[in-house]
Amino acid sequence: MVIPVHDVNPVRRTPVVTYALIAVNVLVFLFMPGLSGSVAGDSGLAQTCHLHAFLEHYAAVPRELIHHQLPQLVATGEVRAGGCALGPPDYDKNPVLSVFTAMFLHGGWLHLLGNMLFLLIFGNNIEDRMGHVRFALFYAACGYAASYGFALLNADSTDPLIGASGAIAGVLGAYLVLYPKARVWVLVPFLVFLPLRLPAWLVLGFWFGLQAVYSSGEGVSGGGTVAYAAHVVGFLAGMLLAWPLKPGTPPPPEPRGLLFGRRARPRHSW
């Protein structure tokens, strides 16, 4: 994989929605029960049981999304007889709403930071092009498309589906449509991390190709624990939703040396 660092693609306005999404994702992660280093401070088996109960309530589950079959017994968050206690849920879960809440949940620091890095680098330009409100709706729509697309392919799965990856994949798909020639600085692992400036179509096309291969089970053991199919669906949804905006998208400006006797200072979106 290549690791994006920033893109050479200036923005005209502050991406307040992108920043707000990052802030909310980080805050939710810090206060998620049962995660190592969380504010709750749980540890051991109690930590695991609290996390299971939390995910039962707020994560999206494919079987619930497709068949609307909610479990009769769920983790209560309590420890009993060396394991996690089960009991009838004391809440009414809405499977449709769970897709939205699941978009702000992450399974670890690497999961969170990786998603937020991609959102920070590519989300600001899509928000700049769409506007704040339309970008927020677009982000949610891609997240829903990714979750339901994955659920359709895994209709009987009871594994919780969490993370902003599906929605962010939609952002990447939109970026590929609107700014394919924009330059992206990336780090390529080859003995050491080599910095390279590559066109967006190459970086994002390579990323999408890997997700498509991994979603088929190739290159990963048993498909791993990552919902690669959700990434593929989210990416395609982002491309489709962004396509009507393509004719009015100006090409990204290239940095220049001297402009009217003064050195131009290109702004980079980070």
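Above: the structure in question.
Values in this document were obtained by computation on a predicted structure and should not be read as measured data. Residue numbers run consecutively from 1 along every chain, following the written order of its sequence. It should be noted that, the model being predicted, local features are given only for residues of pLDDT at least 70 and side-chain atom pairs only at 80 or more, the latter also being counted only at that level, while totals for whole chains, interfaces and linings use all residues. Neither water nor hydrogens contribute to the side-chain values; these are computed over all heavy atoms in the structure.

As for the overall build of the chain
- Only DSSP runs of H or I with at least four residues qualify as helices, and only runs of E with at least two residues qualify as strands; both kinds are numbered from the N terminus onward. Per the secondary structure count, the chain includes nine helices and seven strands.
- The proportion of buried residues among the 270 residues of the chain is 45%.
- Contacts are assigned to residue pairs with any non-hydrogen atoms lying within 4.5 Å of each other. Of the contacts made within the chain by residues no fewer than 6 positions apart, 75% connect residues no fewer than 24 positions apart.
- Working note: accessible area of the chain is about 14,200 Å², and carbon and sulfur atoms make up 65% of it. Throughout this description, buried means an accessible area under 20% of the type-specific maximum (1.4 Å probe, protein chains only), exposed means over 50%, and partly exposed covers the range between. Where accessible areas are quoted, they stem from the Shrake-Rupley method and a 1.4 Å probe; at the residue level, only the protein chains shown are allowed to cover.

Structural notes on the layout of surface pockets
- The computed volume of the largest pocket comes to approximately 1,200 Å³.
- Among the elements of the structure, strand 1 (3-8), helix 4 (95-102), helix 5 (109-130), helix 6 (132-153), helix 7 (165-178), helix 8 (200-215) and helix 9 (228-242) are those that each provide at least two residues to the lining of the largest pocket.
- Residue polarity is assigned by list, with Asp, Glu, Lys and Arg as charged and Ala, Val, Leu, Ile, Met, Phe, Trp, Tyr, Cys and Pro as nonpolar; anything else, Gly included, falls into the polar class. Considered class by class, the residues forming the lining of the largest pocket number 27 nonpolar, 18 polar and one charged. Grid points spaced at 1 Å over the protein atoms alone were grouped into cavities, where a 1.4 Å probe fits but cannot get out, and pockets, open sets with protein on both sides within 12 Å along at least five of seven lines, with lining residues defined by an atom within 4 Å of a point. Grid points are joined across faces, edges and corners, and a volume is the space filled by probe spheres set on the points.

What to know about the state of the cysteines
- Two cysteine sulfurs form what is called a disulfide whenever their separation falls within 2.5 Å. Under the definition given, this model contains one disulfide.
- One disulfide bridge connects cysteine 49 with cysteine 84, the sulfur atoms lying 2.1 Å from each other. Here the disulfide of cysteine 49 and cysteine 84 is left-handed, its torsion about the S-S bond being about -90°. You can see cysteine 49 sitting in helix 2 (residues 44-58) and its partner cysteine 84 sitting in strand 3 (residues 83-87), a full 35 residues away along the chain.

Quick look at helix 1 (residues 16-31)
- Taking 1.5 Å of rise per residue, the 16 residues of helix 1 would be expected to cover 22 Å, and the 23 Å separating its terminal C-alpha atoms lies within 8% of that figure.
- Among the residues making up helix 1, those that are buried are Val17, Thr18, Leu21, Ile22, Asn25 and Phe29. Buried positions in helix 1, seen along its axis, are confined to an arc of 140° and lie on one side of it.
- Against helix 5 and helix 6 lie the buried residues of helix 1. Multiply 1.5 Å by the residue count of a helix minus one, and that product is the helix's expected span. Working note: the arc is built from the helix axis to C-beta atom directions.

A look at the nonpolar core
- By nonpolar core is meant a set of buried Ala, Val, Leu, Ile, Met, Phe, Trp, Tyr and Cys residues that side-chain atoms within 4.5 Å join together. Counting 42 residues, the largest nonpolar core has Phe122, Ile126, Phe135, Phe138, Tyr139 and Tyr175 as its most contacted members.
- If you list the elements that add at least two residues to this core, you get helix 1, helix 5, helix 6, helix 7, strand 4 (183-190), helix 8 and helix 9.
- The leading source of residues in this core is helix 7, at 10 residues.
- In contact with phenylalanine 135, not counting residues within four places along its chain, are Val17, Thr18, Leu21, Gly123, Ile126, Glu127, Met130 and Val171.
- Listed in part, the 11 residues of the second largest apolar core include Leu65, Ala227, Ala229 and Ala230.

A closer look at the packing of aromatic side chains
- Any Phe, Tyr or Trp ring, taking Trp's six-membered ring, that has another such ring centre within 6.5 Å forms a pair; planes under 30 degrees apart are called stacked, those over 60 apart edge-to-face, and the others tilted. Counting across every chain of the model gives 12 aromatic pairs.
- Arranged with centres 6.4 Å apart and planes meeting at 50°, the rings of phenylalanine 135 and tyrosine 139 form a pair that is tilted. A residue pair is termed a helical-turn pair when its members lie 3 or 4 positions apart in one helix, as phenylalanine 135 and tyrosine 139 do in helix 6 at four residues. Side by side, phenylalanine 135 and tyrosine 139 carry an identical accessibility label, which is buried.
- Each residue in the set Phe118, Phe122, Tyr175 and Tyr179 is aromatic and connected to the rest through ring pairs, giving one cluster.
- The ring of tryptophan 243 has lysine 246 lying over it, and the distance from NZ or CZ to the ring centre is 5.9 Å. For a lysine, the NZ atom is tested; for an arginine, the CZ atom; a charge sits over a ring if that atom is within 6 Å of the ring centre and within 35 degrees of the ring normal.

Some remarks on the pairing of strand 2 (residues 74-80)
- Here the rule is simple: two strands pair whenever DSSP picks up at least two bridges between them. Pairing geometry for strand 2 and strand 3, over four bridges, is antiparallel. What sits directly across from valine 74, in strand 3, is glycine 87.
- Counting the residues between successive antiparallel strands, the hairpin from strand 2 to strand 3 contains two residues, one of them, alanine 81, with a positive phi of roughly 55°.

A short note on the environment of proline 88
- Its place among the elements puts proline 88 in the loop between strand 3 and helix 4.
- For the pair proline 88 and leucine 73, spaced 15 residues apart in the sequence, the C-alpha separation amounts to 4.7 Å.
- In this view, proline 88 contacts Gln72, Leu73 and Val74; residues no more than four positions away in its chain are not counted.

Observations concerning the pattern of salt bridges
- By salt bridge we mean one thing: a side-chain nitrogen of Lys or Arg within 4 Å of a carboxyl oxygen of Asp or Glu. All chains considered together, the criterion is met by four salt bridges.
- Salt-bridge contacts for aspartate 128 lead to arginine 13; the nearest nitrogen and oxygen are separated by 3.4 Å. On the criterion of sequence distance, the pair formed by aspartate 128 in helix 5 and arginine 13 in the loop between strand 1 and helix 1 is long-range, its members being 115 residues apart.
- When its relative accessible area of 5% is taken as the criterion, aspartate 128 is described as buried.
- Taking the shortest distance from any N to any O, the salt bridge between glutamate 78 and arginine 80 comes out at 3.8 Å.
- For glutamate 78, a relative accessible area of 47% puts it in the partly exposed group.

Honestly, that's just the spatial picture; any functional story needs more than this.
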